[in-house]
Amino acid sequence: MQDLKEISEAISIARDYAKKNHERRLFLIFGFSNSDRVANLISNLLEEGSIIVSDDDRFLNIFGDDVLKVRHKETKSILGRTFSDAVIDLRMHLDVISLSRTVETIRGGGLIFVFLPLVYREIQAKYVEKLKPIGIKENPRDILRRRLLKKALTSDGVYVVSSLILKVLKKPKEKIRNHVTEDKITLPEKSIIPGDIYSLCKTMDQTKVLNAFEKLFEDVTNTILITADRGRGKSASVGLALSGLAFSFFEKNLRPLRVVLTAPELENALEVLRFVKIGLEKLGVKYESSESYVRSKIIDINYVEPYSALFERGDFIIVDEAAGLPFPILRTLLERKEKLIFLTTLHGYEGSGRMFSVRFLPLLKDKRPDYLRVELKRPIRYAENDPVEKWLFDALMLDAEPVDISVEEQEEIVKNIDKIKYERIKPFKYVVGSLEKRMKEVFGILISAHYRNNPNDLLMFADAPHYFGYVGLYEEKPIVAIELGMEGGLSQEEIQVFLKTAPSGHIIPDKLIKYYGELKAAEKRGWRIIRITVHPKLMLRGIGSKTLKFVEEEGKAEGISWIGAGFTGYPELLSFWIKNGYVPIHISPKLNKTTGEHTVIVVKPLDEELNQVIKRASKELKLRLLRELSSTYRNLEAKTALLILKSIEKLDNYELSLSPSQAFRLRLYMDGSLHFESASDAVEDLARYYFAKNLDFLDEESELLLIEAVLKRKKVGIRNLLELRKIIRKLWFSILKVEIEAE
């Protein structure tokens, strides 16, 4: 053990200062050689209540049974828990989500040991499998690992160790920082929520959340917005507030408090549910529970998926990790009458709260001007300004922000849009090289506009060989970014794989193969646009369309056959793509559980051969949509359906063929002698013909009613049914006129 003495002494020093400062310390351990020996050393120095994260059974077996051992994919289950120390094995795959989750759970005074390889190579099969789709010849780039090391070399509280030579290559300068005092919790003299619940709070910030809930109970406000970085206890404080408030609610109303709880994923809501139970136990209230609900005589709280939450009723609706939800869902929730509580992470791996600042906050101020905002700043597990948290945020760009642009600059850019210069994002230069500051600004733009960003996006940008992007600069300031993935270029042998399974990547070729049998089209190379994002202060100014045109020209120059995109089928998004010449070719048969919408795929062909493929596919989609709006696509928004139907070329061979009895019943319906249901088959044939032939006799409002009432068979009310009769009469005689003129 003499050759491990230097590492052992460094661990001892790190432990001492971590405890004195109520901070964490991080050890990055590089290399495979001797890594088992280093792990053995660490296993003897871990404190009780530690966690080991690895997918390698042999590595896990180095550690005793007095620690928690989990696989990387199982780290969802540790959210909200607290551990003394952590060992995270990233030698076979750089799982940045698992890394982020685990680091967050370690208390002040704890040590975190991260094992990394000297280099990721093809022998790390899982790393390659996650980042290299079928048909891609280049290997992953192994850049993000270098960024983790680079940031470690310049960060406080981070040690760098070589397992190969058993040396500590970098030791931070340790000192006592005088910020170890814990928050003294001052209990209110009078409160609606019992004092026993207040006593469970770890910080004064958390007591502010409880106080805000009391104001909600007293109708001082009907909305609360809670913001915080990760690890500040926002979900825990909401769970405690609910349990305490339910006690008073029951006394007043003689029934349980009904709470609808939603979040992007169930895992995001588990902490609220866990602390509801902790609060009830403190109050001595019995309850029954499962993973998704807690029920007692004073509270009934249920988790539901975001789209389903739009139709649930409760006294409170709580939205956890609200920045992870699409804006249209948040907007719809604001129209509800219930009391609303929104929780969002400002910086973290679930998404970004900055979307709130850009789009949601102005709407919240308009719709619910008396809302209360509570911001939690103090970490509950460790001291403020913890160096490991700083390293994690910097290394994974969790704190990325778009560059600031003044009002004057905004106007100047819009007037001089042609002066925007584009450059390709070179991963090494942008992630670890001279332009990493610019990359952080690019990520700031992506995060501010999209709700799904997480550290995996940085991993893909840095390491995935088929990922690339462009940034649009105005006087060296990033104002627009586009993230793309190479797809297609598959051999016939590779194409056969898609007929049996769904390999990762190649989303658009997969749909052309499976839905249209266009196997040859998958041989053609294309670019899928993963994200296109304009600076939040410059949206809706034509910059996105200009960027698309630039990318299309680049694609043509590189011999690309098509450019496409897939997105949630909101009309606003779809309009942008259709306006820029992209043609819908696919609508997912199933709804996205988070958005409650279908996913739409659009493609713009760049050569004539692909143009014919896309024409055939889009016309097939149009025919299927006309046939299945009352079944598979019944929940597709009418405006989205209308945009798709009108953007696709007419179906030349589509005929209106009514039988004599259908025509007879149609006339009686138009004259008012029959109800809609008695002639619905004929009316539906007529409506399908109208859209199949791209006729334009009707205004948009009438077309939307035709889709809702006839093609989707939705209930539309007596007034709309009367209006529908007029529309059908106009439609019938207009079609007859066209037919007569054609003859």
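Nothing here was measured: the structure is a model prediction, and the numbers come from that model.

A. Examining the overall build of the protein more closely. Tallying secondary structure elements over the protein gives 28 helices and 22 strands in all. Compactness check: the protein gives a C-alpha radius of gyration of 29 Å against a globular reference of 27 Å for 743 residues, within 12% of the reference. Its C-alpha atoms put the protein at 100 × 70 × 55 Å along the principal axes. Buried residues in the protein amount to 57% of all 743 residues. Put simply, of all contacts in the protein between residues at least 6 apart along the chain, 73% involve residues at least 24 apart.

B. Quick peek at a nonpolar patch on the surface. A cluster of nonpolar residues, Leu 118, Val 119, Leu 164, Ile 165 and Leu 169, forms a patch on the protein surface that exposes about 460 Å² of accessible area. Since its relative accessible area comes to 49%, Leu 118 is described here as partly exposed.

C. Molecular detail of unusual backbone geometry. Even without glycine at this site, Asp 219 takes up a positive phi of about 65°. Located in the positive-phi region is Leu 540, a residue other than glycine, with phi close to 60°. Considering the arrangement of structural elements, one finds Leu 540 in the loop between β19 (525-534) and α21 (543-557).

D. Examining the packing of aromatic side chains more closely. Taken as a whole, this structure holds 19 aromatic pairs when the rule is applied. Arranged with centres 5.1 Å apart and planes meeting at 80°, the rings of Trp 577 and Tyr 582 form a pair that is edge-to-face. By relative accessible area, Tyr 582 is classed as buried at 2%. Each member of the aromatic cluster is reached from another via a ring pair, and the members are Tyr 422, Phe 468, Tyr 470, Trp 527 and Phe 550. Over the ring of Tyr 17 we find Lys 20, and its NZ or CZ is 5.4 Å from the ring centre. Over the ring of Phe 217 we find Lys 252, and its NZ or CZ is 5.3 Å from the ring centre.

E. Focus on the pattern of salt bridges. Tallied over the entire structure, the rule returns 66 salt bridges. The shortest N-O distance in the salt bridge between Arg 528 and Glu 487 comes to 2.5 Å. With a gap of 41 residues between them, Arg 528 in strand β19 and Glu 487 in strand β18 (residues 477-488) connect regions that are remote in the sequence. There is no split in this pair, since Arg 528 and Glu 487 are both buried.

F. Examining the sheet that holds strand β11 (residues 293-296) more closely. In space, the eight strands of this open sheet follow the order β10-β11-β12-β9-β13-β14-β8-β15, with mixed pairing throughout. A strand with exactly one partner marks an edge of an open sheet, and here the two such strands are β10 (287-289) and β15 (372-376). In this sheet, neighbouring strand axes are inclined to one another by 15° on average, regardless of whether the strands run parallel or antiparallel. For β11 and strand β12 (residues 299-303), the ladder comprises three bridges, and the chain directions are antiparallel. Residue pairing in the sheet places Tyr 293 in a bridge with Asn 302 of β12. Sheet strands touched by helix α10 (residues 266-283): β9 (257-262), β10, β11 and β12. Its angle to β12, the strand with the most contacts, is close to 165°.

G. Fine view of the sheet that holds strand β16 (residues 421-424). An order of β16-β17-β18-β19-β20-β22-β21 is seen for the seven strands of this open sheet, with the pairing classed as mixed. A strand with exactly one partner marks an edge of an open sheet, and here the two such strands are β16 and β21 (583-587). Neighbouring strand axes in the sheet, compared pairwise and without regard to direction, differ in orientation by 30° on average. Bridge count for strand β20 (residues 562-568) against strand β22 (residues 599-605) is seven bridges, and the pairing is antiparallel. Bridge pairing in β22 links Ile 563 to Lys 604. Where helix α18 (residues 455-463) meets the sheet, it contacts β17 (467-474), β18 and β19, and its direction lies at approximately 100° from that of β17. Along the sheet face, α21 touches β16, β17, β18, β19, β20 and β22 and points at about 160° away from the line of β19.

H. Molecular detail of the side chain of Asp 85. Along the chain, Asp 85 turns up in the loop between β3 (68-70) and β4 (86-89). Within the local environment of Asp 85, its side chain forms a polar contact with the backbone nitrogen of Glu 47, the two atoms lying 2.8 Å apart. The residues contacting Asp 85, other than those within four sequence positions of it, are Arg 15, Leu 45, Leu 46, Glu 47, Gly 49, Ser 50, Ile 51, Ile 106, Gly 110 and Leu 111.

I. Inspection of the environment of Lys 5 at higher detail. Within the secondary structure layout, Lys 5 lies in helix α1 (residues 5-21). Exposure remark for Lys 5: the relative accessible area of 42% places this residue in the partly exposed category.

J. Region of the structure containing the side chain of Ser 545. Turning to its location among the elements, Ser 545 is positioned in helix α21. A relative accessible area of 11% means that Ser 545 is categorised as buried. Apart from the residues within four sequence positions on either side, Ser 545 is in contact with Phe 576, Lys 579 and Asn 580.

K. Up close: the nonpolar core. Core analysis: the largest hydrophobic core is formed by 91 residues, its most contacted members being Ile 529, Leu 666, Leu 706 and Ile 728. Other than its neighbours up to four places away in sequence, Leu 706 contacts Ala 687, Tyr 690, Phe 691, Leu 698, Leu 711, Leu 724, Ile 727, Ile 728 and Leu 731.

L. Layout of the packing of helix α4 (residues 96-104) against helix α14 (residues 387-395). As a packed pair, α4 and α14 sit with axes 11 Å apart at the nearest point and diverge in direction by 160°. What the angle tells us is that α4 and α14 run roughly antiparallel. Classified by chirality, the crossing of α14 by α4 is left-handed. Seen from α4, the contacting residues are Leu 99, Ser 100 and Val 103; seen from α14, they are Val 388, Trp 391 and Leu 392. For the contact of α4 with α14, the class distribution of residues is five nonpolar, one polar and no charged.

M. Structural detail: the pairing of β9. Most of β9 is tucked away: five of the six residues are buried. When β9 meets β12, the two strands line up parallel, connected through five bridges. Within the sheet, the bridge partner assigned to Val 259 lies in β12 and is Ile 301. As defined by bridge partners, β9 adjoins strand β13 (residues 316-319) across four bridges and the pair is classed as parallel.

Procedures and definitions
- Residues numbered from 1 in each chain as written.
- Predicted model: local features only at pLDDT ≥ 70, side-chain atom pairs only at ≥ 80, totals over all residues.
- Heavy atoms only, no water.
- Helix = DSSP H or I, 4+ residues; strand = E, 2+ residues; numbered from the N terminus.
- Rg over C-alpha atoms; globule rule 2.2 N^0.38 Å.
- Buried < 20%, exposed > 50% of the residue type's maximum accessible area, 1.4 Å probe, protein only.
- Contact = heavy atoms within 4.5 Å.
- Patch = residues over 30% accessible without salt bridge, like charges linked within 9 Å, V, L, I, M, F, W, Y side chains within 5 Å.
- Areas by Shrake-Rupley, 256 points an atom, 1.4 Å probe, with all protein chains shown as cover.
- Salt bridge = Lys/Arg side-chain N within 4 Å of Asp/Glu carboxyl O.
- Phe/Tyr/Trp six-rings, centres within 6.5 Å; stacked < 30°, edge-to-face > 60°.
- Lys NZ or Arg CZ within 6 Å of the ring centre and 35° of its normal.
- Pairing = 2+ DSSP bridges.
- Axes fitted to C-alpha atoms, helices over the stretch in contact; angles between N-to-C directions.
- Polar contact = N/O pair within 3.5 Å; in protein donor to acceptor, adjacent residues only side chain to side chain.
- Core = buried A, V, L, I, M, F, W, Y, C linked by side-chain atoms within 4.5 Å.
- Parallel < 35°, antiparallel > 145°, perpendicular 65-115°, else oblique.
- Left-handed = near helix turned anticlockwise from the far one by under 90°.
- Nonpolar A, V, L, I, M, F, W, Y, C, P; charged D, E, K, R; others polar.

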